[in-house]
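# Residue-level structure breakdown
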Amino acid sequence: MTDVSSADDGSERGGGDDHGASPESEQVREGSGGGHGGGHDSGTRGGARVGDARVGDARVGGWTRFVTARPRLSLLVALLLTALAVVAGSGVADRLGSGGWQDPTAQSTYATKALEREFPASQPNLLLLVDSGGASVDDPAIAAEAKRITARLAGERGVTGVGSYWQSGSPALKAEDGHQALIAARLTGDEKTAGETLDRLAPSYRGTHGPVQVKVGGPVAVQHEMQTTIREDLTRAEMIALPVTLVLLVMVFGSAIAALLPLAVGVIAILGTNAVLRGLTEFTDVSVFAMNLTTALGLGLAIDYALFIVRRFREELGTGAEPLTAVGTTLRTAGRTVLFSSLTVAVSLAAMLLFPQYFLRSFAYAGIAVVLLAAGAALVLLPATLVLLGHRVNSFDLRRLFRRGEPSATGGGAGWGRMASLVMRRAPVFALATTLGLVVLGLPFLGVKFGTADDRQLPSGAESHVVQQHIRDGFPGNPGGSLEVLAEGRATETEYARYKDRISALPGVLQVDGPLVKGDSAFFTVLPKGEAVDEGAQHLVGELRATDAPFDTAVTGTAAVLVDSKHAIGDRLPWAAAFIAIVTLLLVFLLTGSVLIPIQAVLLNALSLTAMFGAVVWVFQDGHLSGLLDFTSPGSIETTLPVLMFCVAFGLSMDYGVFLLSRMKEEYDHTGDHREAVRFGLQRTGGLITAAAVILAVVMVAIGTSRVTNTKMLGLGIALAVLMDAMVVRSLLVPAVMRLTGRATWWAPGPLRRFHNRFGLSEGEAPAAIAPEIQEEGAENQARDQDQARDQDQARDQDQARDQDQARDQDQDQDRDQDRDKAEVRS
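Here is a short report on the structure shown in this document. These numbers come from a predicted model, not from an experiment.

## A short note on the overall build of the protein chain
- Secondary structure summary: the protein chain contains 28 helices and eleven strands in total.
- Across the 827 residues that make up the protein chain, the buried fraction comes to 54%.
- Restricting to contacts in the protein chain with at least 6 residues of sequence separation, those with at least 24 account for 80%.

Following this line, the structure appears as structure tokens:
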């Protein structure tokens, strides 16, 4: 991070290169290197290059023209839209769901909906744990009070299918020690309606009732408590992340004014995304977990993009360019990279739209919206602000309070340049050691076990978690983990009885209840041995579905949902991976014009995620560090989490990769020196990428302080992936691999080269399409510059001739003086 701040300060004075380049030479290196060769513009000073003048004066492109010509109007429109977003996005958290792990087209989902419709009592989502203390639940006084609570609950509005141990006598509803038993019911309506009913009923049921203690649990209580906890944790994470991020930005930028700009972009992106999510809830289900990604990416990417744009703007000011010209050059260079980077991140997140679970699709909605809004704010609002601020962007340099004198004007990035040279000198060693290290860190993922999100996502003291833990530890089998078999089609009692005997004989079955018949439908409740979602329960799902029956059957329950979810993800995962790979390869090719670099980018990005996946299994599945991080390990990883974490972390890795590759490409086009391009690219972006990664990691760690295990896993896992990518892969592995591939890194066959020349983008190249009047003005400017250059050449020739005449006169005078001295000596 020190290198970044030094680079900023140095570049503002024209330095920043470890070669000690002059401001003029650094100007040419930074700005003139085009995507197809660049070159020097003679006779220019202070950043007033031909290309810059065209961009700065003519404000190339409609959106750039609008931003630079009417900056105050741009900011006013943004302020109004932000205010509308605040209004439109208000209350979005209350409309978000806490589920979404099921495949809506799966057999288990069909059976669940049919049972909810025909047999609501078969799907209890509310459990009351009745604790009799030291007495038996069969004690008359205990039984009487429990029956009174059961009858009262049955009469409540929004409650159906009420049953209890004291009504059915089922041993599955009685604890093995005889001191606890269950009352089960179903709260009707969707998640929001059921949650409101729970809020209304829970206070009057939990607590002491005569001789018994009642605790409230069940799926609806777990979901509602999870939703509330996430909302509270998100507020706390924002309170942690914002001030810490501001301090880090001040350390990076120095200027308090410049440090506030990324936060403003991030806040706009977050508020806009909340409005988008609020609108989507009118048409589809959206997960409450998506709000965490909105905050993390909104702040993280806004900081990345603003760092890149503001830093380039300050570099241009450091060369002597006027603010308007500096903004134009910044948009033409860093702005293009930001746009390109946002597309790569959006592509990775869009892959989650291929999965049927609305949990994953919600992250795609939120992620794509926040990425595009962050990029839009960085490319429109930020340039408008920079036009108005001008040199005041460097105001309030708070670092002067903690340092003596001025930082070196030539030290920016020197350390990164030296490290790149060292890595390339020992490229085989660094490539092999880094690859092996990342592979070893990822080995624990080979033992991954997939499961479902349950009450153990919540803190150990959460009431619904306590209830479910008592059920797991003290009740036979798992009453909350039963499987339901829906039977559709007319059948006789004998046929039902034969089918019941058939499934009762399966080795994984503990108990079978039913059938309960209604018309042409019936259902059986099957209690598996062991845990609700262990391997045995999942195997039992397959056996139940394969058992012959004289009617149509469909199996649902926790284990069935898990089996169907794993199948849905496994079925679509190759398509999602192919989508990410193909589009990423195309985008990186358009950026670099190379065949090899896109392949390297995809493979190295994937390799950078191994440490994250290994740590997720070692910590959250196996339970290491559970005491330090304060979570309960369920012994498995929720099925959709690895997909989510891959898409997010891969996109962020590509974000940093684009920043690095764009500067390497610019330098390679300028010099044709492969090693110098790699060194220069890391020198100019190493500190920037590291600073951005550290700040994003801070945001993700703040998200990781959540009391919900999945959110904790998401935040801490992605923070680790981002740091590993920036500090290991970008700093060590990428330069080592590029050194090994040599000049072949930039090779492409003729047809692809021509395709890239026509459609490709590069940070340093001129705009691809310019309005006719601007083209004409650019031609006039170029002709005028050529005339000025010709006049300067003529003036230089005249000056040289005059100097030669003066030198000749001086030589003649010197010869006369020598002759006179010799004559005097002889006389």
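On we go from here.
## Here we look at the packing of aromatic side chains
- Applying the stated criterion to the full structure yields 14 aromatic pairs.
- When the centroid spacing of 4.6 Å and the interplanar angle of 10° are considered together, the rings of Tyr-668 and Trp-746 count as stacked. Taken together, the residues Tyr-668 in helix α24 (residues 641–671) and Trp-746 in the loop between α26 (709–741) and α27 (750–759) connect sequence positions 78 residues apart. Trp-746 carries the same exposure label as Tyr-668, and that label is buried.

## Here we look at the sheet that holds strand β2 (residues 159–164)
- In space, the five strands of this open sheet follow the order β2-β3-β1-β5-β4, with antiparallel pairing throughout. Only two strands of the sheet have a single neighbouring strand rather than two, namely β2 and β4 (207–209). Each strand of the sheet is rotated relative to its neighbour by a mean of 25°, with strand direction disregarded.
- With six bridges joining them, strand β1 (residues 126–131) and strand β3 (residues 180–187) adopt antiparallel strand pairing. Paired with Val-130 across the two strands is Ala-181, which belongs to β3.
- Here helix α17 (residues 463–474) sits on the sheet in contact with β1, β3 and β5 (212–217), set at roughly 105° to β5.

## Section: α17
- With twelve residues, α17 extends 16 Å from end C-alpha to end C-alpha; this agrees with the ideal 16 Å at 1.5 Å per step.
- The inward-facing, buried residues of α17 abut β1, β3, β5 and α10 (219–253).

## Brief notes about the pattern of salt bridges
- Scanning all chains against the criterion turns up 25 salt bridges.
- Asp-454 is the salt-bridge partner of Arg-456, the closest N and O atoms lying 2.7 Å from each other. Grouping residues by exposure puts Arg-456 and Asp-454 together as buried.
- Of the charged contacts, one joins Arg-490 and Asp-520 as a salt bridge, the two residues approaching to 2.9 Å between their closest N and O atoms. Of the two residues, Arg-490 sits in the loop between β7 (483–488) and α18 (493–504) while Asp-520 sits in the loop between β8 (509–518) and β9 (521–528), which places them 30 residues apart along the sequence.
- Arg-490 sits in the exposed class, given a relative accessible area of 68%.
- The class of Asp-520 is partly exposed, set by a relative accessible area of 35%.
- Via salt bridges that share partners, Arg-311, Arg-312, Glu-315, Glu-316, Arg-663, Glu-666 and Arg-684 belong to a single interconnected network.

## Points about unusual backbone geometry
- Residue Pro-515 is bonded to the preceding Gly-514 through a cis peptide linkage, with omega at 10°.
- Here Pro-515 lies in strand β8.
- For Leu-625, which is not glycine, the phi dihedral falls at a positive 70°.
- Inspection of the secondary structure assignment puts Leu-625 in the loop between α22 (610–621) and α23 (626–629).

Parameters and conventions
- Numbers given to residues run from 1 along each chain, matching the order in which its sequence is written.
- Local features in a predicted model are, by the rule used here, given only for residues with pLDDT of at least 70; side-chain atom pairs are given and counted only at 80 or more, and totals for whole chains, interfaces and linings are based on all residues.
- Side-chain numbers come from the whole structure's heavy atoms, not from hydrogens or water.
- Think of it this way: any DSSP run of H or I at least four residues long counts as a helix, any run of E at least two long counts as a strand, and we number them from the N terminus.
- Partly exposed describes any residue whose relative accessible area lies between the buried limit of under 20% and the exposed limit of over 50%, with all areas from a 1.4 Å probe on protein chains only and scaled to the type maximum.
- Any two residues whose heavy atoms approach within 4.5 Å are treated as being in contact.
- Aromatic rings from Phe, Tyr and Trp, taking only the six-membered ring of Trp, are treated as a pair when their centres fall within 6.5 Å; an angle between ring planes under 30 degrees marks them as stacked, one over 60 as edge-to-face, and anything in between as tilted.
- Two strands pair if DSSP finds at least two bridges between them.
- Between N-to-C directions, angles span 0 to 180 degrees; the directions come from axes that are lines fitted to C-alpha atoms, helices contributing only their stretch in contact.
- One less than the residue count of a helix, multiplied by 1.5 Å, gives the span that helix is expected to have.
- In the sections that follow, a salt bridge refers to a side-chain nitrogen of Lys or Arg positioned within 4 Å of a carboxyl oxygen of Asp or Glu.

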